[in-house]
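What follows is each chain in one-letter form.
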Amino acid sequence: MSQGATDIDLVIEARWVVPVEPHGVVLEQHAVAVEDGRIKAILPIAQARTAYAPRERVELAEHALIPGLVNSHTHNPMTLLRGLADDLPLMTWLQQHIWPAEAKVMGPEFVRDGIELAVAEMLRGGTTCANENYFFPDVIGATYRRLGFRAVVGLPVIEFPTAWAKSQDEYFERAGEVHDGFRGDGLVATAFAPHAPYTVSDESFERIRILADQLDIPVHLHLHETAHEVEEEKKKSGLRPFQRLQKLGLVNDRLIAVHMTQLTDGEISACAEAGVSVVHCPESNLKLASGFCPAEKLRRAGVNVAIGTDGCASNNDLDMIGELRTAALLAKAVACDAAAFDAAYALRAATLNGARAIGLEDRIGSIEPGKQADLAAVRLDDIETQPLFHLASQLAYAAGRHQVTDVWIAGRRKLAARELIDMDSTAILAKALAWRERIAAFS
C-alpha cells in the first residue's frame, strides 16, 4: 500500500471478477473498490493495493465475484407453503389447494415470517434482489427494508376479496398508500402486480395503465402461462390474453410478462418492438406442466429475457443458480440448438436482464463503477467445480448455491463465509416449524 493511497470503505479481491457488462468478460486477479455502498472502481489487485487504503479488505483467492442475482418473479411469503400441494396441474393446484390455504393463514404475520425465511434462503444462494408479487405489500416492503434486502414490491390487484383488500377501489387505494410509503427508498421500489388477465378486469387494467404511467413504475403480471388460459380468454373475449393487453395499451416497456409459454411469432415480434421484458420461470413451468417458454426465440428477437424462480409452492426453492442452469438447458431443448441460451447469456439473464426488467438497470445487475455494490462470491475450488476451463460454463453448468460464500447488498455484508449476518437462523427455523404445524392441521 503506497503512502498516498485513498481511504475507502471496502476492497474485495477475487481470483475472477465477472462484471456481466461488458458481456462475456472475465477479469482475473481483480479487485472491486466500494465506497458509500457503491462500486468506485474495478482494477487489478496489485493496482488496488497501491491506490486504496480500505477500512476492510476481503480476499477471495478461489472465488468468482459476480453481480448479485436478481430473482425477477417470486411470491416469497409462500416459502411457508413449500411442498404443500405438489404434482398437480396449475388450476387444480391454485384453486383447490393454494387459494384455500392462503385464505386461512394470509395476514401480516404470515407474510413477515415467509419473507424472513425467503431472504435467508436467497442470501445463501447469492440472490440480492427480488421482484415480489404477493399480498400485504406494506409488510413485505417493511420486512425487506428491515433486513437490508433489495426488492421491487408488487401492488396487488385482483377481482375478488382477500385479506388485503375487499373491493377494486380498496386495492387501488391501498396500492397508492404503499407506493407513497416507499417513494425514494434506497432498497425498496414498487410495481403494479395485477395477478393475470383471467383474474383482472378491463376496468382495472385501464386504471393500472394510467397510474403506472403517472407513477413511472412497471406492471408485473402472469401472462400466457398455460394453453388453458389462452383458450379460455379466446372463448370469453375472442382475443388471446396478449392481444387483450395490447388493446388496453399495456404492451409497452413497463410490462414484465411472466411465464409466456404460449407465444406466436407475431407476439414475440410485438414484445421486441414494444420493449416488453419476459421473465422465464423454467422450473415452475416444468413442475406444473404449464408449457415451454421459447426463451431462445425471444432472445434472438431482441426481447429482454430475465429469470425468476416463481414461488416456493410451485418450484420448490429460490435457487437462482439452479434456475439459470435449468433455463439454459431447457432453452437448448426447446430450440433444438445446443448453442442456444449460452452460459454467459444465462448469467446475464439472471443479473443485468433482471435488473432491466424491473427498472433497476442503472443501479444493479452488473459490476460497474457507480452502481450499487450488490455482489456475490462463488467459491470454485471444490471437487464439483474442478478442473476449471471456462468460468461462465462452470457457473452455469457445475456450480451450486452451496458454493456461495459471501454476499453484499449496497456494500453491506449480508453473508460471510456462509454465515448470515444480522439474521437469527434458529429463530427463522422455529417460526417455519410453527407455521408447518398450523398449516398441516387444516390441510
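None of the values given here were measured: they were computed from a predicted structure.

Conventions we followed
- Residues numbered from 1 in each chain as written.
- Predicted model: local features only at pLDDT ≥ 70, side-chain atom pairs only at ≥ 80, totals over all residues.
- Heavy atoms only, no water.
- Core = buried A, V, L, I, M, F, W, Y, C linked by side-chain atoms within 4.5 Å.
- Buried < 20%, exposed > 50% of the residue type's maximum accessible area, 1.4 Å probe, protein only.
- Helix = DSSP H or I, 4+ residues; strand = E, 2+ residues; numbered from the N terminus.
- Contact = heavy atoms within 4.5 Å.
- Axes fitted to C-alpha atoms, helices over the stretch in contact; angles between N-to-C directions.
- Parallel < 35°, antiparallel > 145°, perpendicular 65-115°, else oblique.
- Left-handed = near helix turned anticlockwise from the far one by under 90°.
- Expected span 1.5 Å × (residues − 1).
- Patch = residues over 30% accessible without salt bridge, like charges linked within 9 Å, V, L, I, M, F, W, Y side chains within 5 Å.
- Areas by Shrake-Rupley, 256 points an atom, 1.4 Å probe, with all protein chains shown as cover.
- Salt bridge = Lys/Arg side-chain N within 4 Å of Asp/Glu carboxyl O.
- Polar contact = N/O pair within 3.5 Å; in protein donor to acceptor, adjacent residues only side chain to side chain.
- Phe/Tyr/Trp six-rings, centres within 6.5 Å; stacked < 30°, edge-to-face > 60°.
- Lys NZ or Arg CZ within 6 Å of the ring centre and 35° of its normal.
- Pairing = 2+ DSSP bridges.
- 1 Å grid on protein atoms, 1.4 Å probe; cavity = no way out; pocket = protein on both sides within 12 Å on 5 of 7 lines; lining within 4 Å.
- Points joined across faces, edges and corners; volume = space filled by probe spheres on them.
- Nonpolar A, V, L, I, M, F, W, Y, C, P; charged D, E, K, R; others polar.

(A) Structural detail: the nonpolar core. Counting 111 residues, the largest nonpolar core has Phe-110, Val-119, Tyr-144, Phe-192, Phe-341 and Leu-395 as the members making the most contacts within it. Top contributing element to this core by residue count: helix α3 (residues 108-123), with nine residues. In this structure Phe-192 touches Leu-155, Val-157, Phe-172, Ala-175, Ile-208, Leu-211, Ala-212, Leu-215, Ile-217, Pro-218, Val-219 and His-220, once residues within four positions along its chain are discounted. The next biggest cluster of nonpolar side chains, apart from the first, holds 15 residues, and it includes Leu-10, Ala-14, Leu-65 and Ala-377.

(B) Geometry of the packing of helix α4 (residues 137-147) against helix α5 (residues 168-182). Interhelical geometry of α4 versus α5 gives an angle of 15° and a closest axis separation of 10 Å. Judged by the angle between their axes, α4 and α5 are roughly parallel. As for the relative orientation of α4 and α5, their crossing is right-handed in sense. For the pair α4 and α5, contact is made by Pro-137, Asp-138, Gly-141, Ala-142 and Arg-145 and by Arg-174, Val-178, Gly-181 and Phe-182, respectively.

(C) Main features of α3. For α3, with 16 residues, the first-to-last C-alpha span of 22 Å sits near the 22 Å given by 1.5 Å per residue. Taken across its 16 residues, α3 has 13 buried, putting it largely inside the fold.

(D) Spatial organisation of a nonpolar patch on the surface. Nonpolar side chains collect at one region of the surface, where Leu-286, Phe-292 and Val-334 lie side by side and expose about 260 Å² of accessible area between them. By the secondary structure assignment, Phe-292 is in the loop between α10 (282-287) and α11 (295-301). Given a relative accessible area of 47%, Phe-292 falls into the partly exposed group.

(E) Region of interest: the side chain of Glu-13. Relative to the elements of secondary structure, Glu-13 occurs in strand β1 (residues 6-17). Here Glu-13 falls in the buried class, since its relative accessible area comes to 4%. Only 2.8 Å separates the side chain of Glu-13 from the side chain of Arg-57, close enough to count as a polar contact. Apart from the residues within four sequence positions on either side, Glu-13 is in contact with His-30, Ala-31, Ile-45, Arg-49, Arg-57, Val-58, Glu-59 and Leu-60.

(F) Just the packing of aromatic side chains, in detail. Applying the stated criterion to the full structure yields seven aromatic pairs. Ring plane angle 65° and centroid distance 5.6 Å describe the contact between Tyr-134 and Phe-135, whose orientation is recorded as edge-to-face. A ring pair is formed by Phe-172 and Phe-192, whose centres lie 6.3 Å apart and whose planes are at 50°; its orientation type is tilted. You can see Phe-172 sitting in helix α5 and its partner Phe-192 sitting in strand β8 (residues 188-194), a full 20 residues away along the chain. The exposure class of Phe-172 is buried, given its relative accessible area of 7%. Given the relative accessible area of 2%, Phe-192 is considered buried. Cation over ring: Arg-174 sits above Trp-164, and NZ or CZ is 3.7 Å from the ring centre. One Lys or Arg, Arg-207, reaches over the ring of Phe-172 and ends 4.2 Å from the middle of that ring.

(G) Representation of the environment of Ala-227. For Ala-227, the location among the structural elements is in helix α7 (residues 227-237). Sequence separation between Ala-227 and Thr-385 is 158 residues, and the spatial gap between their C-alpha atoms is 39 Å. Apart from residues no more than four positions distant in its own chain, Ala-227 is found in contact with Gln-262 and Ser-290.

(H) Inspection of the pairing of β1 at higher detail. In the sheet, β1 pairs with strand β4 (residues 52-67) via 10 bridges, with the strands oriented parallel. Bridge pairing in β4 places Glu-13 opposite Glu-59. By the bridge criterion, seven bridges tie β1 to strand β2 (residues 27-35) in an arrangement that is antiparallel. Looking at β2, one finds that Val-17 is bridged to Leu-27.

(I) Geometry of the layout of surface pockets. If you add up the space inside the largest pocket, you get close to 560 Å³. If you go around the largest pocket, you meet 25 residues; those closest to its centre are Asp-216, Ile-217, Pro-218, Ile-358 and Gly-359. Counting only elements with at least two residues in the lining of the largest pocket, the list comes to α5, β8 and α14 (352-357). With three residues, the top contributor of residues to the lining of the largest pocket is β8.

(J) Representation of empty space enclosed by the protein in the model. This model, assessed by the stated rule, comprises two cavities of 30 Å³ or more. Computed from the structure, the largest cavity encloses a volume of approximately 60 Å³. Contributing to the lining of the largest cavity are Ile-66, Leu-69, Ile-321, Leu-324, Leu-347, Val-378, Leu-395, Ala-396 and Ala-399. Looking at the lining of the largest cavity, the elements that each hand over two or more residues are α12 (320-335) and α15 (391-397). Classifying every residue of the lining of the largest cavity gives nine nonpolar, no polar and no charged. Taken as a whole, the second largest cavity spans an internal volume of roughly 40 Å³. Arg-209, Ala-212, Asp-213, Val-219, Leu-250, Asn-252 and Arg-254 together form the lining of the second largest cavity. It is helix α6 (residues 202-215) that provides the largest number of residues to the lining of the second largest cavity, a total of three residues. For the lining of the second largest cavity, a count of residues per class yields three nonpolar, one polar and three charged.

(K) Here's a closer look at the pairing of strand β7 (residues 150-157). Counting buried positions over the eight residues of β7 gives eight, a clear majority of the element. Of the two faces of β7, the one holding Arg-150, Val-152, Gly-154 and Pro-156 and the one holding Ala-151, Val-153, Leu-155 and Val-157 are both buried throughout. One ladder, built from four bridges, connects strand β6 (residues 127-132) with β7; its direction is parallel. What sits directly across from Ala-130, in β7, is Ala-151.

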